[in-house]
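Coordinate analysis (summary)
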Amino acid sequence: MADTKKLAIIASKGTLDWAYPPFILASAAAAMDMEAVLFFTFYGLPLLKKEIDLKVTPVGNPAMPMKMPFGSKEFQGFDWPIPNIISGNVPGFDTMATMLMKETFKKKGVATIEQLREMCQESGVRFIACQMTMDVFGFERKDFIDGVEYGGAAMFLEYAADANMSLFI
Amino acid sequence: MSEITANRTLDCSGMNCPLPILKTKKEVDQMQSGEILKMISTDSGSANDMTSWANRTGHKIVGSSTEGGTYTFYIQKS
C-alpha cells in the first residue's frame, strides 16, 4: 500500500509500567496495517533481553496507585497511602509492588510484556537496539532475542523522517 | 437487531487493550473477503477501539450490540 502509515517510537524506559506503551502502540499499529519501528535505547534496552525481569517502584512516583489485586471490590479499590520513606527503605518493597502490579494486570486481562513483544515481532514490527548504549551499559547481542537490528541515531532518524507519528517514551 | 450470520466467532471476553484488536486482526487475516466475523468483547474501551480499527483497516462493522458489559461486533472483511 502506497499510503501505509508509519509509527516510530523511541523506547527509553525499562520499568514494568513504562515497558507497556511502546509494545501496545506498536502491536496495535501493526494490527491497523501500519508499519512500526521501536528503537530501544538507554533503559529501554533490557526490554530486548531473552529473559525479561522488569520491576516497578512507587518511589518518586506519587501518581502510582498502591492497590491490592485480591479481596473485596472495596478493598481492591483502596489506594494505600505508603510514604516514600517506607517504600524506599523497606527491603523487597519493589519486588512486592512488582508482584502486585503483575497480578493486577493478569486479573484485568492485560497481556504480559513477553506476549506483546512476541506479537509485535509476529506482525512485522521492527526492533532496533542502540549500539552505543549497549556498549556503555555492557549489553551483548547474545543476551537479546533474535530478529533485533543494531544501529544508531541515523538509523532511527532515516525511518522517522518519513514516519507519520514519532513518539519518545 | 436482525440476525447476522457469521462465518467465524472470536471470543475476546476477559481480554484487555490491545488484545481484542490484535486477535481480531489475526482472525480477519485468515478470512476471505466478504466473510463476517462475530467478535465478542468485555473490554469497555473496545466499542470505540473497534470502530477506529475498522476505519483504518477498511473492514466494515456491519452490526454491533451491547448487553450487560458484553460487546458484540460483526465485522465484514473488505
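Our structure is the block above this text.
1. Overview of the packing of helix α1 (residues 16-31) of chain A against helix α4 (residues 93-107) of chain A
Residue and element names in this part refer to chain A. Packing of α1 against α4 brings their axes to within 10 Å, and their N-to-C directions diverge by 35°. On the side of α1, the interface is formed by Leu16, Asp17 and Tyr20, while α4 contributes Thr98, Met101, Lys102 and Phe105. When its residues are assigned to classes, the contact of α1 with α4 shows four nonpolar, one polar and two charged.

2. Re the interface of chain A and chain B
Accessible area lost on assembly of the parts is the figure often given for the size of an interface. Of the residues lining the interface, 16 residues belong to chain A; the matching set on chain B comes to 15 residues. Both sides together, the interface formed by chain A and chain B hides about 1,300 Å², and carbon and sulfur atoms give 66% of it. When the area that chain A buries against chain B is broken down by residue, the three leading residues are Ala31(A), Met32(A) and Met119(A), summing to 38%. Inspection of the chain A/chain B interface yields two salt bridges. Across the salt bridge formed by Glu122(A) and Lys26(B), the nearest N and O atoms sit 3.0 Å from each other. The tally of links from chain A across to chain B stands at five residue pairs in polar contact (both at pLDDT 80 or more). Going through the elements one at a time, α1 and α5 (113-122) of chain A are the ones with two or more residues in the side of chain A that touches chain B. In terms of residues, the side of chain A that touches chain B owes the most to one element, α1(A), which gives five residues.

Here is what the cut-offs are and how they apply
- Residues numbered from 1 in each chain as written.
- Chains lettered and ligands numbered in written order.
- Predicted model: local features only at pLDDT ≥ 70, side-chain atom pairs only at ≥ 80, totals over all residues.
- Heavy atoms only, no water.
- Axes fitted to C-alpha atoms, helices over the stretch in contact; angles between N-to-C directions.
- Helix = DSSP H or I, 4+ residues; strand = E, 2+ residues; numbered from the N terminus.
- Contact = heavy atoms within 4.5 Å.
- Nonpolar A, V, L, I, M, F, W, Y, C, P; charged D, E, K, R; others polar.
- Buried area = accessible area lost by both parts, 1.4 Å probe.
- Salt bridge = Lys/Arg side-chain N within 4 Å of Asp/Glu carboxyl O.
- Polar contact = N/O pair within 3.5 Å; in protein donor to acceptor, adjacent residues only side chain to side chain.

This is a description of form; function is not addressed.
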